[in-house]
Amino acid sequence: MAAANATKISWRLQEFEAHSSSVSCLALGKNSGRLLATGGEDCRVNIWAVSKANCIMSLTGHKSPVECVQFNTSEEQVVAGSQSGSIRVWDLEAAKILRTLMGHKSNITSLGFHPFGDLLASSSMDTNIKLWDVRRKGYVFRVKGHTQAVRSLAFSPDGRWLASASDDSTIKLWDLAQGKTITEFKSHTAAVNIVQFHPNEYLLASGSCDRTIKLWDLEKFTMISSLEGDTSPVRCAFFSPDGGCLFSGATDTLRVFGWEPDRCFDTVPVGWGKVSDLAVCNQQLIGVSHQLSSVSSYVVDLKRVKKSGGSPKDPRGAALRKSYARPSTTCSSQRRSPSEDEGDEKLSSAEIHNPEDFKEIFQPKNAICRSTAPPSCDPTRVLSLFVFFCEQSFVVSQAPPLASSTPVQRVEPTVVSSPPVTTARTRPPPKIILSTRNEPIGLNVADFLPVSQRRPAALSDEDELSQIKKGHATMCVMLSSRRKNLETVRMAWAREDAKNALDIAVSMSDLSIVVDILNILNLQPSLWKLDLCTTVLPQIDKLLQSKYESYMQTGCTSLKLIMKHFWTLISDTLRATPSVGVDITREERHLKCRTCCKQLKNLSNIVKNKASQVGRHGSAFKELQLLMAPLDDAV
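Residues numbered from 1 in each chain as written. Predicted model: local features only at pLDDT ≥ 70, side-chain atom pairs only at ≥ 80, totals over all residues. Heavy atoms only, no water.

S.K.: Quick rundown of the packing of aromatic side chains? Include the residues and the values.
M.R.: The final tally for this structure, using the stated rule, is seven aromatic pairs. Ring centres of F16 and W48 lie 4.5 Å apart, and the angle between their planes is 40°; this geometry places the pair in the tilted category. Highlighted residues: F16 in strand β1 (residues 10–17) and W48 in strand β4 (residues 45–49), separated in sequence by 32 residues. You can call W48 buried: its relative accessible area is 3%. Judged by centre distance (5.9 Å) and plane angle (85°), the ring pair of W132 and Y139 falls under edge-to-face. Members of the aromatic cluster, each reached through a chain of ring pairs, are W161, Y202 and F221. Note that K622 overlies the ring of F116, its terminal NZ or CZ placed 5.1 Å from the centroid. (Phe/Tyr/Trp six-rings, centres within 6.5 Å; stacked < 30°, edge-to-face > 60°. Helix = DSSP H or I, 4+ residues; strand = E, 2+ residues; numbered from the N terminus. Buried < 20%, exposed > 50% of the residue type's maximum accessible area, 1.4 Å probe, protein only. Lys NZ or Arg CZ within 6 Å of the ring centre and 35° of its normal.)

Written out as structure tokens, the structure is:
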């Protein structure tokens, strides 16, 4: 970052040509304040380092002008929405597209990533707001309530609420668990451009074309402040990292506001024109704006800006206001393989213009393995491939999955070693065995050596190999048995149907076989029937309580599929008025629905207990908790 001028509080950092045609949108990475994404009428998304004028990479694939762009929390992904209503998500480290999302009927106006997990919110000129899971196509749910275009979306820090601001002068607060409006704020007299949650307290800020910023108490759902002073529409609003003040960006001006009582701490003239976004980096506020095809970045030295006043805050307000409950550890989004859509793969690309900057910014850590999708998703074909794979995998290590997009269950190693010896380096086994790790669980080279040889001494190669191979025979027997079981299930599937194959897999009392079958079924929602749900749900109970993260992920995926495709049928069937006379088919369906509902309620309790966990599995349970909220009102 450029050094601060000795006399100036603000200055222009740089100006550069960002696109071959007009720039339509900008976004700064809020985590670091050092990354900038620009979208243009040339249908491209360009990624920049704030302090450099050279484009790091250019992302292509959109067929119409890019209208909106946003980074995720960890700045590992970027999403862009186009004039046609399509949305594309890219993995910046892999320089590949992750997903193309279609569903809006007109140009995208706002985008926002969930603070944890893989959820994305989008809004459009069609007034709809949609929540997506970027790991799959199709939206999770849609909400509608605004009468004009939605201009800004923001998730609460705990991920429970979504705030939306609209041209209809209103702000709506949505409960994600219920999928409905909690409240609506109507005090603005013109279009609302920006909405932001306080990082800690139950406060919401909104900036409007009526030249005011209003603060809303999210416990009482009342307005507590109306901050005035801007002479032009408020375009950006950003709470300081500690939540002590609010930065307001308007044409050529930055204002620093406090509340309870309302006051303006400082006004800083900045020649940034119609500023588009704000972020903080190393005690410097970064502002970016665009005009035609050029982009300008500006710096405000916050060490020379007044951010507090002499008047103490009202003790009845902030001191007693509720704070968000969040996990103690922030987890970044789990990386996935590129989109399976081959058409997108051909049309979308990432052109890396500056390899050195790209490697420094996006690949500072060890490379992450990304495998490609299988050539076919035919269930029996996938199962046949995995049977062949098992025949080739007689090694003392875990068997890798067929592909990250078809996560056929890994074989967890069973190691037979020499009698254990207690040493100071012995570590307790992890409570949850992660599905991706840098070293095999349970393997310690010293465990394979005789006690007398753990001290520096001579040991022949033959003796070392003999010790290491002690577990090999056991692993071969286990893999051979698993291959035989999978072959039996594959033949049953080819001869009859998926339900019969799964029944046979369950009867084998080998959870790994069930997981392998579910990983294939999860790719084929059309194969699922209510009969299949009655068999799968008891197995999901076991998977969710497993110590293997990969088992939990498979269980979560199957449970999401059941909730999405069968909950409406189950609920409607149980609520329906009993028919007159005897209807055996209806009674059988009613019995199956009642059984499924009971099992789903049991699973809902497990999900709620595990939703507080952190990591990839914790994010999956949080998403499930939102999806299973309707069970609380079930009959």
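After that view, the rundown keeps rolling.
S.K.: Kindly report on the pairing of strand β5 (residues 55–60), identifying the contributing residues and their values.
M.R.: Of all six residues making up β5, six are buried, and the element is well covered by its neighbours. From the end of β4 to the start of β5, which pair antiparallel, there are five residues. (Pairing = 2+ DSSP bridges.)

S.K.: Please provide a residue-by-residue account of the sheet that holds strand β28 (residues 294–301), values included.
M.R.: As a general point, the strands of a sheet are linked pairwise by backbone hydrogen bonds and lie either parallel or antiparallel. In spatial order, the strands read β1-β28-β27-β26; together these four strands make up an open sheet with antiparallel pairing. Edge positions in the sheet fall to β1 and β26 (275–281), since each of these pairs with one other strand and no more. The sheet shows a mean angle of 20° between the axes of neighbouring strands, taken without regard to direction. Pairing between strand β27 (residues 284–291) and β28: eight bridges, direction antiparallel. When the sheet's bridge partners are listed, V288 is paired in β28 with S297. (Axes fitted to C-alpha atoms, helices over the stretch in contact; angles between N-to-C directions.)

S.K.: Provide a residue-level description of the nonpolar core, including the pertinent values.
M.R.: One finds W528, L559, I570 and L600 to be the most contacted residues of the largest nonpolar core, which totals 48 residues. Of all the secondary-structure elements, those providing two or more residues to this core are α5 (472–495), α6 (498–507), α7 (511–521), α8 (530–544), α9 (549–575), α10 (584–610) and α11 (616–627). With eleven residues, the top contributor of residues to this core is α9. Excluding its chain neighbours within four sequence positions, the residues that come into contact with W528 are L518, L521, N522, C533, V536, S558, L561, I562 and F566. (Core = buried A, V, L, I, M, F, W, Y, C linked by side-chain atoms within 4.5 Å. Contact = heavy atoms within 4.5 Å.)

S.K.: Could you give an account of the sheet that holds strand β7 (residues 77–82), naming the residues involved and the relevant values?
M.R.: Within the open sheet, the four strands sit side by side as β6-β7-β8-β9. Their pairing is antiparallel. The sheet is open, and its two borders are formed by β6 (66–71) and β9 (96–101), each paired with just one other strand. The average angle at which neighbouring strand axes cross in this sheet is 20°, direction not considered. As judged from the five bridges shared by β6 and β7, these two strands associate in the antiparallel manner. Each bridged residue has a counterpart across the sheet, and for V66 the counterpart in β7 is S82.

S.K.: Kindly report on α9, identifying the contributing residues and their values.
M.R.: With 27 residues, α9 ought to run about 39 Å at 1.5 Å a step, and its terminal C-alpha atoms sit 36 Å apart, in line with that. Considering bend angle alone, the principal kink of α9 is centred on F566 and spans about 55°. The buried fraction of α9 amounts to 20 of the 27 residues, a majority that puts the element mostly inside the structure. (Expected span 1.5 Å × (residues − 1). Bend = angle between axes of the 7 residues up to and from the residue.)

S.K.: Describe the environment of G138, and please don't skip the residues or the numbers.
M.R.: Examined against the element boundaries, G138 turns out to sit in the loop between β12 (128–133) and β13 (139–144). Between the C-alpha atom of G138 and that of M102, which follows or precedes it by 36 residues, the distance is 7.3 Å.

S.K.: Run through the side chain of S82, naming residues and quoting values.
M.R.: Examined against the element boundaries, S82 turns out to sit in strand β7. Among all residues touching S82, those that are not within four sequence positions of it are H62, S64, P65, V66, E67, N107 and I108.

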